[in-house]
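Here is what each chain is made of, one letter per residue.
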Amino acid sequence: MSFSSETKAELCRIPVSRMCCAVAEAYGILLYAHTFSHTEICMVTSCEPLARRIPPLLARAFGVTVKLPEAGSGGRYAIKITEETQLGRIFSALGYDLKYHLSYHLNRNVIEEDCCRASFLRGIFLAAGTVASPDKKTHLELTTPHHTLCREVMSLMLDMELSPKL
């Protein structure tokens, strides 16, 4: 198991005590998910603890029901949401309009509190992050193909007195 996988497994053991933090963590996962659009949400992971964390997190944050995924080819888990009512609940809670194609922008209203910002960044890391082990040069990477979203998350990190690089 890689250091990143171990780190993700450990982060998945952290209980989400506040509702606002559940929404924030789910928001981070969704923005960096495989697909996040007005017609489909698809989260793909090879991390079993994350695959088990997502369904109850989405239920708590948005009141949507998704079943626990089973490992597919290559040990990857895929969690899909295509039902319009469930998509509507998620989009409404995050301040997006389901009628229009989603532009990947950060809605800071969802992550106003410090605890929520930390939960949001945890969600991003769980969905799209890697980290080098402590015996190597320190390196944390969060990957997204969406340049605007990347800049907005970097701005958030700078506001939190972190020092991200592009």
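On a predicted model such as this, the values are computed, not experimentally measured, just so you know. (Residues numbered from 1 in each chain as written. Predicted model: local features only at pLDDT ≥ 70, side-chain atom pairs only at ≥ 80, totals over all residues. Heavy atoms only, no water.)

**Q** Kindly report on helix α5 (residues 114–128), identifying the contributing residues and their values.
**A** Between its first and last C-alpha, α5 extends 21 Å over 15 residues, near the 21 Å set by a 1.5 Å rise per residue. Here α5 has its buried residues at C116, S119, F120, L121, R122, G123, I124, F125, L126 and A128. Where α5 is buried, its residues touch α1 (3–12), α2 (19–31), α3 (48–62), β4 (129–131), β5 (140–142) and α6 (147–159). (Helix = DSSP H or I, 4+ residues; strand = E, 2+ residues; numbered from the N terminus. Expected span 1.5 Å × (residues − 1). Buried < 20%, exposed > 50% of the residue type's maximum accessible area, 1.4 Å probe, protein only. Contact = heavy atoms within 4.5 Å.)

**Q** Requested: an account of the pattern of salt bridges, with residues and values cited.
**A** A side chain with one charge may pair with a side chain of the opposite charge, provided their charged atoms come close. Counting across every chain of the model gives 6 salt bridges. A salt bridge links E48 to R52; the shortest N-O distance between them is 2.8 Å. Placement of the pair is E48 and R52 together in helix α3, with a separation of 4 residues, close to one helical turn. Assessed through its relative accessible area of 46%, R52 is described here as partly exposed. Linking R117 and D114 is a salt bridge whose minimum nitrogen-to-oxygen distance equals 2.8 Å. Of the two residues, R117 and D114 are both situated in helix α5; the distance of 3 residues between them amounts to about one turn of the helix. What makes D114 exposed here is its relative accessible area of 60%. Where salt bridges share partners, they join E25, R53 and R122 into one cluster. (Salt bridge = Lys/Arg side-chain N within 4 Å of Asp/Glu carboxyl O.)

**Q** I'd like a description of the nonpolar core, backed by residues and values.
**A** Counting 47 residues, the largest nonpolar core has L31, F36, M43, F62, I90, L94 and F120 as the members making the most contacts within it. Every element with two or more residues in this core is listed here: α2, β2 (41–45), α3, β3 (77–81), α4 (84–94), α5 and α6. Per-element accounting of this core gives the leading share, 9 residues, to α2. (Core = buried A, V, L, I, M, F, W, Y, C linked by side-chain atoms within 4.5 Å.)

**Q** Can you break down α6 residue by residue, with the values?
**A** The terminal C-alpha atoms of α6 lie 19 Å apart, and with 13 residues this matches the ideal 18 Å at 1.5 Å per residue to within 8%. Listing the buried residues of α6 in full gives L149, C150, V153, M154, L156 and M157. The arc that holds the buried residues of α6, viewed along the axis, is 160 degrees, so those residues lie on one side. Residues of α6 that are exposed and angled more than 90 degrees away from the buried face: L158 and D159. Buried positions along α6 lie against α2, α5 and β5. Positive phi appears at E161, one or two residues downstream of α6, with a value of about 65 degrees. (Arc of directions from axis to C-beta.)

**Q** Quick one: what's the story with the packing of aromatic side chains, residue by residue and with numbers?
**A** The geometry of an aromatic ring pair is captured by two quantities: the separation of the ring centres and the angle between the planes. Enumeration over the complete set of coordinates arrives at 5 aromatic pairs. Taken together, a centroid distance of 5.4 Å and an interplanar angle of 45 degrees make the contact between Y27 and F120 tilted. A residue pair is termed long-range when its members are at least 10 positions apart, and Y27 in helix α2 and F120 in helix α5 qualify at 93 residues. Exposure remark for Y27: the relative accessible area of 0% places this residue in the buried category. (Phe/Tyr/Trp six-rings, centres within 6.5 Å; stacked < 30°, edge-to-face > 60°.)

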